[in-house]
Amino acid sequence: MESIQLDMIQSAGIGALALIVGMVLTRKVGFLQKFCIPSPVSGGIIFSLFTLILYGWFDVEVSFDNTLSDVFMLAFFTSVGFQSDLKVIKQGGKLLVIMLTLLVVMIAMQNLMPMVITRLMGVDALIGMAAGSISMTGGHGTAGGFASVLEDLGLHGAGTIGMAAATFGLIAGSMIGGPLAERIIRTKLTHEQMQPQDEEIDPAMAGIESDEASPAGREKRVSTNEQEFQQYAKATYSILLVMGGGTLLSWLLTKTGVTFPTYFGALILAAIVRNVIGFVNSEKLLDMDRIISVGNISLSLFLGMAMISLKLWELHSLAMPLIFILASQVLMMALFALFVAFPLLGRDYDAAVLCAGMCGFGLGATPNAMANMSAVCYKYRYTVKPFLIVPVIGAMFADLINTGMITLFLNLL
């Protein structure tokens, strides 16, 4: 077996190339748009299939240096921490609190059920963790972030398992969300509950997570190149500062003997900084729009590098246990949304739309949730609350809660 080892610069370059290829594919292939498959995933799969061919047919194994991938991953989760504004809980009302509670229960079930399945099937419990909330609620970002933790705990090929599970979840979340909401609306709602709302709402706002569509919103974002540079520089410096402090916090956390992901310190420190500054004036001190943008750029590069590093041949021996666990995750998500979430959320049209969104971010990501809800509202009618609550849940709290829950389960194994 011949080995080709690429250094960190070469690895980053190929990761960026995979991202660009994925962007082209996403623009050209309707399937990728329909299921909200991220560009790094679609492009990265092509490169990982190429390395699979080299491995299987030519006995050549290509290895990548993930040094810069880890940096991009840390930057992304730092930006996630900055988005955790606890003031939003007070403003979100009862429905947001219920959704947060459901999120905690859902994540716990996504980890508990695979533990039971792996025990019954006699396979490594860590496989269940890789196919649990790490890759379901967490998606590709969290799957990549916890890959090294699972590898250290003894799960060989953890990154490949997690990424494969996350890709399955993205597609499944988009496939079941709309049909589930359709069934709820047709069988559980009365004709009166389906009547249009009294107030006039622009249906074009469905799925829009910011005010960029309004004239005032566009005006706020008009700036010179120099202003843009200063704003992005400020956001980048903020992320790097907290990343640095976060590594020290992560080092201190390791002294407790509890297993944490490498990004946990930066995630927590960013959340603390955001909420402390919020008492002063976060808008002046933190440019959240730019911080989110820098974080998303980092996530794209991280995913691109993670996807090209997949060793697909490692999935062969785990095919049946992994497929069974993932199928069980989809079934559980559908039953949870139908019989638990819908009643607790109010048994009305808003609850039905929120269930579609829950399937989206519970198995995939926030964009899947928004796409699911938009599809339902396009067929029936637009409603405000789900499009306010789901982005808040997905952007501010899902990763934070999920990381804590995963850490708890890993230390209970």
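Structural data are supplied above this passage.
Every value quoted in this text rests on a predicted model; they were computed, and no experiment measured them. (Residues numbered from 1 in each chain as written. Predicted model: local features only at pLDDT ≥ 70, side-chain atom pairs only at ≥ 80, totals over all residues. Heavy atoms only, no water.)

Caption draft 1: Main features of a nonpolar patch on the surface. On the surface, Leu112, Val116, Leu120, Met121 and Phe324 cluster together to form a nonpolar patch covering roughly 510 Å² of accessible area. Top element by residues in the nonpolar patch is helix α5 (residues 87-121). It accounts for 4 residues. If you trace the backbone, Phe324 turns up in helix α14 (residues 319-344). (Patch = residues over 30% accessible without salt bridge, like charges linked within 9 Å, V, L, I, M, F, W, Y side chains within 5 Å. Areas by Shrake-Rupley, 256 points an atom, 1.4 Å probe, with all protein chains shown as cover. Salt bridge = Lys/Arg side-chain N within 4 Å of Asp/Glu carboxyl O. Helix = DSSP H or I, 4+ residues; strand = E, 2+ residues; numbered from the N terminus.)

Caption draft 2: Layout of helix α3 (residues 39-58). Compared with an ideal rise of 1.5 Å per residue, which puts 20 residues at 28 Å, α3 spans 28 Å between its outermost C-alpha atoms and is within 8% of the ideal. Those residues of α3 not exposed but buried are Ser39, Pro40, Val41, Ser42, Gly43, Gly44, Ser48, Thr51 and Leu54. Directly beyond the C-terminal end of α3, a positive phi value near 55° is found at Asp59. (Expected span 1.5 Å × (residues − 1). Buried < 20%, exposed > 50% of the residue type's maximum accessible area, 1.4 Å probe, protein only.)

Caption draft 3: Spatial organisation of the packing of aromatic side chains. According to the stated counting rule, one finds 6 aromatic pairs in the structure shown. Geometrically, the ring pair formed by Phe76 and Phe77 is edge-to-face, given 4.9 Å between the ring centres and 65° between the ring planes. Looking at Phe77, the relative accessible area reads 0%, which means it is buried. Between Phe260 and Phe264, the ring centres sit 5.0 Å apart and the planes meet at 20°, which makes this aromatic pair stacked. Given the relative accessible area of 23%, Phe260 is considered partly exposed. Residue Phe264 is classed as buried on the basis of its relative accessible area of 11%. Each member of the aromatic cluster is reached from another via a ring pair, and the members are Phe76, Phe77, Phe146 and Tyr263. (Phe/Tyr/Trp six-rings, centres within 6.5 Å; stacked < 30°, edge-to-face > 60°.)

Caption draft 4: The arrangement of the state of the cysteines in detail. The final tally for this structure, using the stated rule, is 0 disulfides. Counting only cysteine sulfurs, Cys355 is the nearest neighbor of Cys359, a cysteine outside any disulfide, at a range of 7.0 Å. With no disulfide partner, Cys377 has as its closest neighbouring cysteine sulfur the one in Cys355, 13 Å distant. (Disulfide = S-S within 2.5 Å.)

Worth remembering: the numbers are spatial, not functional.
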